[in-house]
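# Observations on the model geometry
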Amino acid sequence: MFFQHVYDKSLAQGSYVIGCQKTGEAIVIDAQRDIDIYSDIAKQNNLRITHIAETHIHADFLCGSRELAAVTNATMYLSDEGGEDWQYQFPHKGLKEGDIIRVGNLTLEVIHTPGHTPESISFLLTDHPATDKPVIVLTGDFVFVGDIGRPDLLEKAAGLAGTKEDGAKQMFQSLKKFAALPEYVQVWSGHGAGSACGKALGAVASSTVGYEKIRNWALQYSENEKGFIDYLLADQPEPPKYFAMMKHLNKVDRPLLIDVPKHPELTKEQFISAYEKGMKVIDTRNKVEFAKGFIPNSLNIQGNNSFATWCGWLLNYQEQFILVAEDSQMEDLTRKLMRIGLDNIFGYISDVNATGIELHTSDVISLEEFKTQIGKDNVQIVDVRGASEYEAGHVQGAENVFVGTLMDNLGKISKDKQVVIHCQAGDRSAIAYSILAKNGFKNVKNFSGGMKEWLAENGKTIGCNETSCTKA
């Protein structure tokens, strides 16, 4: 058996290439959209991609199954579980509980594991030349290392009211199937630490059924369904706005993007023309460089592993946009964006100074200056982290407005007071600063050191509210 885990750090998303080395057949599970990586793996290992499968209709990335099928002519095997509302709306071979996919001398048995989504399935893999007992379970967004898939995304991201409780109950039952598997079976899931599809995913890539039965919180509630549901639904992170679009695009027929596109470097005249017409500019430079000088109205989303996620929060799927990036970055940034379907890159520029536009600077302050702002009547301190982070501990008097929803909550930010923003370590507050600057807020300071620097000097703070904080 050939087995390779393909991991996209930018979305903490895992896909798999599994092959029979005797027959040369291979299956790809939960493919990312830039599919050349799978073609390269197959070629390097004398395999042919003959089967393509998905564990469920994904919300956090645009699955590349159809692109890969178009290139390889492989058959797509997709879930037909979950009921009428959860069916893929394009041709495929449907899968139900107990079905078997044969890939050469390997078999993958389908297990219906609803909870994260109604149609979710897992694949129990057996390498028959070695043994007739299963060796691996591919769980998708069902069971992660140390966590399980969240059932609230359909409600929070896709607007399907009332589905999270039903999903939690389904998850409780699905876990009984998981717990009944042999303890030696390896667990390979669809995500790792950093994914918004759970709240406490482990950083280790794989586990075993036995290990998860010992350490995974969800498997400690075998006789306590209410306690399980209460814990599962509490303190889940905010799902990015683009999740709803992914749910739609992964379900319906859509245009395919077979190759990674190349985008033009814009001339000064081309940039000015588009900029003056209001085209959005995304500056991917480091937050420090951005603060030293940025094009007015541009948004600072650094080109790191979180780049696609924050673009998914702040861009829509109809508008074109321009990137500020180095030539050498463009392929990587393009791949990151195409993985969530953001294909409308108009072009890029590499030097903000070459535009001839007078640059603005950010007002970044130190910890000492930040301290002088706390408690003043004419100062509004805004913590732009997520709600669960804020509730776990925050600076006294700070108000919480999450950066991902800041555009929808500008009315909560004062234009009369001095506004001081911060996050955990400065990346999100740099985004927030650029959003506020773009929307006409003049009196804004950014405490870039954030809670990381605050806690390093002041110790852990917990149980804070508007009037007091308890030190731990």
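Residues numbered from 1 in each chain as written. Predicted model: local features only at pLDDT ≥ 70, side-chain atom pairs only at ≥ 80, totals over all residues. Heavy atoms only, no water.

The protein chain goes by MBL fold metallo-hydrolase in an unreviewed UniProt entry, where it is assigned to Flavobacterium hibernum.

Before going further, it helps to examine the domain arrangement of the protein chain. Per the domain assignment, the segments of the protein chain are domain 1 (2-251), domain 2 (268-355) and domain 3 (364-471). Spacing between the C-alpha centres of domain 1 and domain 3 amounts to 37 Å. (Domains from an automatic or database assignment.)

Right, let's talk about the packing of helix 10 (residues 307-314) against helix 11 (residues 330-338) for a bit. Relative to each other, helix 10 and helix 11 sit at 55°, their axes nearing to 9 Å. Regarding the angle of helix 10 to helix 11, the classification is oblique. When the axes of helix 10 and helix 11 are compared, the crossing they make is right-handed. Touching Phe-307, Ala-308 and Cys-311 of helix 10 are Leu-333, Lys-336 and Leu-337, all from helix 11. (Axes fitted to C-alpha atoms, helices over the stretch in contact; angles between N-to-C directions. Helix = DSSP H or I, 4+ residues; strand = E, 2+ residues; numbered from the N terminus. Parallel < 35°, antiparallel > 145°, perpendicular 65-115°, else oblique. Left-handed = near helix turned anticlockwise from the far one by under 90°. Contact = heavy atoms within 4.5 Å.)

A few words on the packing of aromatic side chains. One pass over the structure, following the stated rule, counts 19 aromatic pairs. The interplanar angle of 50° and the centroid separation of 6.1 Å between the aromatic rings of Trp-310 and Phe-402 together place this pair among those described as tilted. With Trp-310 in helix 10 and Phe-402 in the loop between strand 19 (399-400) and strand 20 (418-422), this pair connects stretches of sequence that are 92 residues apart. With respect to class, Trp-310 is no different from Phe-402; both count as buried. Sitting over the face of the ring of Phe-90, Arg-66 holds its NZ or CZ atom 3.8 Å from the ring centroid. The side chain of Lys-415 reaches across the aromatic face of Phe-441, ending 4.9 Å from its centre. (Phe/Tyr/Trp six-rings, centres within 6.5 Å; stacked < 30°, edge-to-face > 60°. Buried < 20%, exposed > 50% of the residue type's maximum accessible area, 1.4 Å probe, protein only. Lys NZ or Arg CZ within 6 Å of the ring centre and 35° of its normal.)

Next up on the list: unusual backbone geometry. We note that Ala-12 has phi near 50°; this positive angle belongs to a residue other than glycine. With respect to the helices and strands, Ala-12 occurs in the loop between strand 1 (2-8) and strand 2 (13-19). Assessed through its relative accessible area of 3%, Ala-12 is described here as buried. For Asp-30, which is not a glycine, the phi torsion comes out positive at approximately 60°. By the element assignment, Asp-30 lies in the loop between strand 3 (25-29) and helix 1 (36-44).

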